[in-house]
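Listed below are the residues making up each chain.
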Amino acid sequence: MKVLIFPNATDAAHEAAKIIAKKVHEKPKSVLGLATGRTMEGVYRSLIQIAKQNNLDFSQVTSFNLDEYVGLSASDKQSYHYYMQDNLFRFVNINMNNTHVPNGVAADLEKECAAYEEAIKQAGGIDIQLLGIGDTGHIGFNEPPSAFDSRTRCITLASETRQQNAGMFEGNPQKVPSKALTMGVGTILEAKELLLIALGKDKAPIIARTLEGEIGPEVSATAVRLHKNVTIILDQDSASSLKQQ
Ligand code: F6R
């Protein structure tokens, strides 16, 4: 496991973007695992900038997002479909037919999750999976406890997570959907490479717990320590509670 600590959030986000850009440059048919949330906004801003400066070609890239709220459609401004369009897809030449976000309004959610797993397999698996981390230690929306062999499924969001994400819902946690579809921890661990990024003081306790605490399903992010090819990108604030720096 490689842990890289940067002086500030901008530099940390830029490094994550550089790693993704390098992957696309080296393998134009890359299968990218993508994430949403506040942390990724800076990562995508940098990625768009790098893509523009270097004429980076996304036309053969395939992408799979980690998660989506149940009950929100692609046109809903709070949906992760919308987020991806707004923060990345419309700025690069990715073929929208090759982008995938779980469908939170599918008539049969279980079928949707199984089809999502199958689509990842058909694409040849994920080359690099971008991950944020929630206050509960979730990766994707794998709330505790999440088995390390869990697959894409419908889960109930923890109250801390609805609180964490209330900003997009008029500051009201009650307005955050109570359920979401998420890749499982097992699905995530099958990616060839993992890239986890955490920024800011609020993430310091969960980063310390993730990197220095006991590995287990109570903190899904600890699973990344079992992966052979993982990079953790932190700013000084999120790294501030680590014993070893
Ligand atoms: C989002 C996702 C989540 C977030 C995490 C951190 O697709 O999978 O695990 O990465 O909740 O969110 P932010 O970056 O908003 O703190």
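Residues numbered from 1 in each chain as written. Predicted model: local features only at pLDDT ≥ 70, side-chain atom pairs only at ≥ 80, totals over all residues. Heavy atoms only, no water.

Caption draft 1: Structural view of the overall build of the chain. Helix and strand counts for the chain come out as 7 helices and 10 strands. Over its C-alpha atoms the chain spans a radius of gyration of 17 Å, differing by no more than 12% from the 18 Å that the globule rule assigns to 245 residues. Along the three orthogonal principal directions, the C-alpha set of the chain runs to about 45 × 40 × 35 Å. With 245 residues in all, the chain has 54% of them scored as buried. (Helix = DSSP H or I, 4+ residues; strand = E, 2+ residues; numbered from the N terminus. Rg over C-alpha atoms; globule rule 2.2 N^0.38 Å. Buried < 20%, exposed > 50% of the residue type's maximum accessible area, 1.4 Å probe, protein only.)

Caption draft 2: Looking closely at the site of the ligand. Lining the immediate surroundings of the ligand are 14 residues, of which Thr39, Asp67, His138, Gly140 and Lys203 lie closest. Note that an oxygen atom of the ligand is positioned 2.8 Å from one of the backbone N or O atoms of Arg38. Between Gln164 and the ligand, the recorded distance is 3.0 Å, taken from a side-chain N or O atom to an oxygen atom. Isolated, the ligand exposes 410 Å² of accessible area, and the fraction of that covered by the protein chains is 97%. (Near = heavy atom within 4 Å. Polar contact = N/O pair within 3.5 Å; in protein donor to acceptor, adjacent residues only side chain to side chain. Areas by Shrake-Rupley, 256 points an atom, 1.4 Å probe, with all protein chains shown as cover.)

Caption draft 3: Main features of the UniProt feature "domain: Glucosamine/galactosamine-6-phosphate isomerase" (unreviewed entry) in the chain. Look at the UniProt record and you will see "domain: Glucosamine/galactosamine-6-phosphate isomerase" (unreviewed entry) annotated at residues 9–229. The straight-line gap between the two end C-alpha atoms of residues 9–229 is 23 Å; of that span, 35% is helix and 14% is strand. (UniProt positions renumbered as here; feature names shortened; annotations may be inferred.)

Caption draft 4: Expanded view of the sheet that holds strand S6 (residues 128–131). Spatial strand order, S1-S10-S9-S6-S2-S3-S5: 7 strands in an open sheet with parallel pairing. A strand with exactly one partner marks an edge of an open sheet, and here the two such strands are strand S1 (2–6) and strand S5 (99–100). As defined by bridge partners, strand S9 (residues 194–198) adjoins strand S10 (residues 230–235) across 5 bridges and the pair is classed as parallel. If you follow Leu194 over to S10, its bridge partner there is Val230. Sitting on the sheet, helix H2 (residues 38–54) touches strand S2 (31–34), S6 and S9, and the angle it makes with S6 is about 130 degrees. (Pairing = 2+ DSSP bridges. Contact = heavy atoms within 4.5 Å. Axes fitted to C-alpha atoms, helices over the stretch in contact; angles between N-to-C directions.)

Caption draft 5: Layout of the side chain of His138. Within the element layout of this structure, His138 appears in the loop between S6 and strand S7 (153–156). The class for His138 is buried, based on a relative accessible area of 5%. One polar contact links His138 to Thr161, side chain to side chain, over a distance of 3.4 Å.

Caption draft 6: Highlighting the packing of aromatic side chains. Counted under the stated rule, the structure contains 7 aromatic pairs. Arranged with centres 6.4 Å apart and planes meeting at 70 degrees, the rings of Tyr44 and Tyr83 form a pair that is edge-to-face. With Tyr44 in helix H2 and Tyr83 in helix H3 (residues 80–87), this residue pair connects regions lying 39 residues apart in the sequence. Residue Tyr44 is classed as buried on the basis of its relative accessible area, which comes to 0%. Summarising the aromatic geometry, the rings of Tyr80 and Phe141 are spaced 6.0 Å apart at their centres and angled 25 degrees between planes, so their arrangement reads as stacked. (Phe/Tyr/Trp six-rings, centres within 6.5 Å; stacked < 30°, edge-to-face > 60°.)

Caption draft 7: Main features of the UniProt feature "active site" (unreviewed entry) in the chain. With numbering matched to this structure, UniProt assigns "active site" (unreviewed entry) to Asp67, His138 and Glu143. A stretch of 77 residues holds the annotated residues, and the largest C-alpha distance among them is 12.2 Å, short enough that they meet in one place. With sequence-adjacent residues up to four places away left out, His138 is seen in contact with Gly132, Ile133, Glu143, Thr161, Gln164 and Ser220. At 2.7 Å, the side chain of Glu143 forms a polar contact with the side chain of Thr136.

Caption draft 8: Just the pattern of salt bridges, in detail. Scanning the entire structure with this criterion turns up 10 salt bridges. Between Lys22 and Glu26 there is a salt bridge, with its nearest N and O atoms 3.3 Å apart. Taken together, the residues Lys22 and Glu26, both in helix H1 (residues 9–26) and 4 residues apart, mark about one turn of the helix. You can call Glu26 exposed: its relative accessible area is 53%. Here Lys121 makes a salt bridge to Glu118, at a shortest N to O gap of 3.9 Å. Of this pair, Lys121 and Glu118 both sit in helix H4 (residues 109–122), 3 residues apart, which is roughly one turn of that helix. Classification of Lys121 as exposed rests on a relative accessible area of 62%. Exposure remark for Glu118: the relative accessible area of 35% places this residue in the partly exposed category. Through salt bridges with shared partners, a single network forms among Lys27, Asp127 and Lys192. (Salt bridge = Lys/Arg side-chain N within 4 Å of Asp/Glu carboxyl O.)

Caption draft 9: Region of interest: unusual backbone geometry. Here Pro144 and Pro145 are connected by a cis peptide whose omega angle stands at -10 degrees. Mapping Pro145 onto the fold places it in the loop between S6 and S7. A positive phi angle, close to 50 degrees, is found at Asn55, a residue other than glycine. By secondary structure assignment, the location of Asn55 is in the loop between H2 and strand S3 (62–65). Here Asn55 falls in the exposed class, since its relative accessible area comes to 68%. Non-glycine residue Glu170 carries a positive phi angle of around 55 degrees.

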